[in-house]
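Summary of the model geometry
Chain residues, written in single-letter form:
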Amino acid sequence: MISETQFNKEIDLIISNAIREDVGDGDHSSLACIPESAIGKAKLLIKDEGILAGVDFAKKVFNYVDPNMKVEVHIEDGASVKYGDIAFFVSGSSQSILKSERLVLNAMQRMSAIATKTNHFVKLLDGTGTKILDTRKTTPGIRALEKWAVKIGGGENHRFALYDMIMLKDNHIDFVGGITKAIEKTKKYLSTHNLDLKIIVEARDLNEIKEILKTQGVYRILIDNFNYEDTKKAVELIGDSCLTESSGGINENTVRKYAECGVDFISSGALTHSVYNLDLSLKAV
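The paragraphs below set out a description of the structure included in this document. (Residues numbered from 1 in each chain as written. Predicted model: local features only at pLDDT ≥ 70, side-chain atom pairs only at ≥ 80, totals over all residues. Heavy atoms only, no water.)

If you tally the helices and strands in the protein chain, you get 11 helices and 12 strands. Summarising its shape, the C-alpha atoms of the protein chain cover approximately 70 × 40 × 25 Å along the three principal directions. Within the protein chain, the fraction of its 285 residues that count as buried is 49%. When contacts within the protein chain are restricted to residue pairs at least 6 apart in sequence, those whose partners lie at least 24 apart make up 70%. As displayed, the protein chain has an accessible area near 14500 Å², and 48% of this comes from carbon and sulfur atoms. Put simply, the protein chain has 36 plus and 40 minus side-chain charges, and the middle of one group is 2 Å from the middle of the other. (Helix = DSSP H or I, 4+ residues; strand = E, 2+ residues; numbered from the N terminus. Buried < 20%, exposed > 50% of the residue type's maximum accessible area, 1.4 Å probe, protein only. Contact = heavy atoms within 4.5 Å. Areas by Shrake-Rupley, 256 points an atom, 1.4 Å probe, with all protein chains shown as cover. Lys, Arg positive; Asp, Glu negative; His and termini not counted. Charge placed at Lys NZ, Arg CZ, Asp CG, Glu CD.)

If you want it as structure tokens, here you go:
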């Protein structure tokens, strides 16, 4: 994953771009009927059940829009919430609250949905020692938010993007002409460019795993679209040579069975690409 500094830059970019997109040359609805001097207060009301995520993000949004706004947090990120709970109160300029409202709600609803789904998978894996990973199957432009939500839900982040880890998948391997050639060329590239990046290699069958194991320097083997029995065999073959990761259509009905095969990680794009927003609202008080 990227550094905390780079991650915070991504969050700042999301906020500035979202406000630019939503506010443009002004929130004319508020400007038309609410005096600039008006002071107000609003509450973040929970209208659903799940894991709350995005409170810290909301605080960043409010501060970006108007540093004079004050946020009184009652429920922190990662907490279980139910209908009727109040996550926080925000007070300050009424115009500023309304300017922030939609970004805060859009982000928190989606982040909470992702955290809720991730937490469900974490509970399904309880006691196995296997960790759930996200993927790059995220909404363009808000990846940092979605990966943040996975962490809040108790999951782990895979690589953030194409630049912070090497991942040699089937297309890379086929384009270059084989696994061994892909790994060797990658190691040479990293050395030439003085890059310290971990290497993950995807395997489509047990023979490919055997070939990967002949080459040193692989951080993790991605055991992709294997059945249970072959996954167990793959884990036995790999042993302590490197870490293991299962992927490929694994869902809540099959995730524990794959974990029981002994893999270190299971990655699931569904954590971020298949969720239904948690129902939240920001109401004046």
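And the narrative resumes.
As enumerated under the stated definition, the model contains 12 salt bridges in all. For Lys169, the salt bridge goes to Glu202, with nearest N and O atoms at 2.9 Å. With Lys169 in the loop between β7 (166-168) and α6 (170-176) and Glu202 in strand β8 (residues 199-203), the pair connects residues that are 33 residues apart, well separated along the chain. What makes Glu202 buried here is its relative accessible area of 3%. (Salt bridge = Lys/Arg side-chain N within 4 Å of Asp/Glu carboxyl O.)

A few words on the packing of helix α1 (residues 4-23) against helix α3 (residues 55-65). Where α1 meets α3, the closest approach of the two axes is 11 Å, and the angle between their N-to-C directions is 55°. Comparing their axes, α3 and α1 come out oblique. Read as a crossing pair, α1 and α3 show a hand that is right-handed. Contacts between α1 and α3 pair Asn8, Ile11, Ile14, Ile15, Ser16 and Ile19 from the former with Phe57, Lys60, Val61, Tyr64 and Val65 from the latter. Residues belonging to the contact of α1 with α3 are distributed by class as follows: eight nonpolar, two polar and one charged. (Axes fitted to C-alpha atoms, helices over the stretch in contact; angles between N-to-C directions. Parallel < 35°, antiparallel > 145°, perpendicular 65-115°, else oblique. Left-handed = near helix turned anticlockwise from the far one by under 90°. Nonpolar A, V, L, I, M, F, W, Y, C, P; charged D, E, K, R; others polar.)

A separate point is the pairing of strand β5 (residues 86-93). With six of eight residues buried, β5 lies mostly within the body of the structure. The sheet contact formed by strand β3 (residues 70-73) and β5 spans four bridges and is antiparallel. Counted as the bridge partner of Lys70 is Ser91 from β5. (Pairing = 2+ DSSP bridges.)

Turning to the nonpolar core, a few remarks are in order. Nonpolar side chains in soluble globular proteins tend to end up buried together. Formed by 77 residues in total, the largest nonpolar core has its most connected members in Phe57 and Phe88. It is helix α4 (residues 94-124) that provides the largest number of residues to this core, a total of 11 residues. (Core = buried A, V, L, I, M, F, W, Y, C linked by side-chain atoms within 4.5 Å.)

Glancing now at helix α7 (residues 179-192). The terminal C-alpha atoms of α7 lie 20 Å apart, and with 14 residues this matches the ideal 20 Å at 1.5 Å per residue to within 8%. All of the buried residues in α7 are Ile179, Ala182, Ile183, Thr186 and Leu190. Projected onto a plane normal to the axis of α7, the buried residues spread over an arc of 95° and lie on a single side. For α7, the exposed residues lying more than 90 degrees away from the buried face are Lys185, Lys188, Ser191 and Thr192. (Expected span 1.5 Å × (residues − 1). Arc of directions from axis to C-beta.)

Quick look at unusual backbone geometry now. Apart from glycine, the bulk of residues carry a negative phi angle, and the bulk of peptide bonds sit in the trans form. Although it is not a glycine, Asn194 adopts a positive phi angle of roughly 55°. Here Asn225, not a glycine, exhibits a phi torsion of approximately 60°, which is positive. Note that Asn225 resides in the loop between β9 (220-224) and α9 (228-238).

Attention now moves to the packing of α7 against helix α8 (residues 206-213). Where α7 meets α8, the axes come as close as 9 Å, and the angle between the chain directions of the two elements is 35°. Between α7 and α8 lies a crossing of right-handed hand. In this structure, α7 uses Ile179, Thr180 and Ile183 to contact α8, whose residues at the interface are Glu208, Glu211 and Ile212. Of the residues assigned to the contact of α7 with α8, the class counts are three nonpolar, one polar and two charged.

All we've got here are geometric facts, nothing functional implied.
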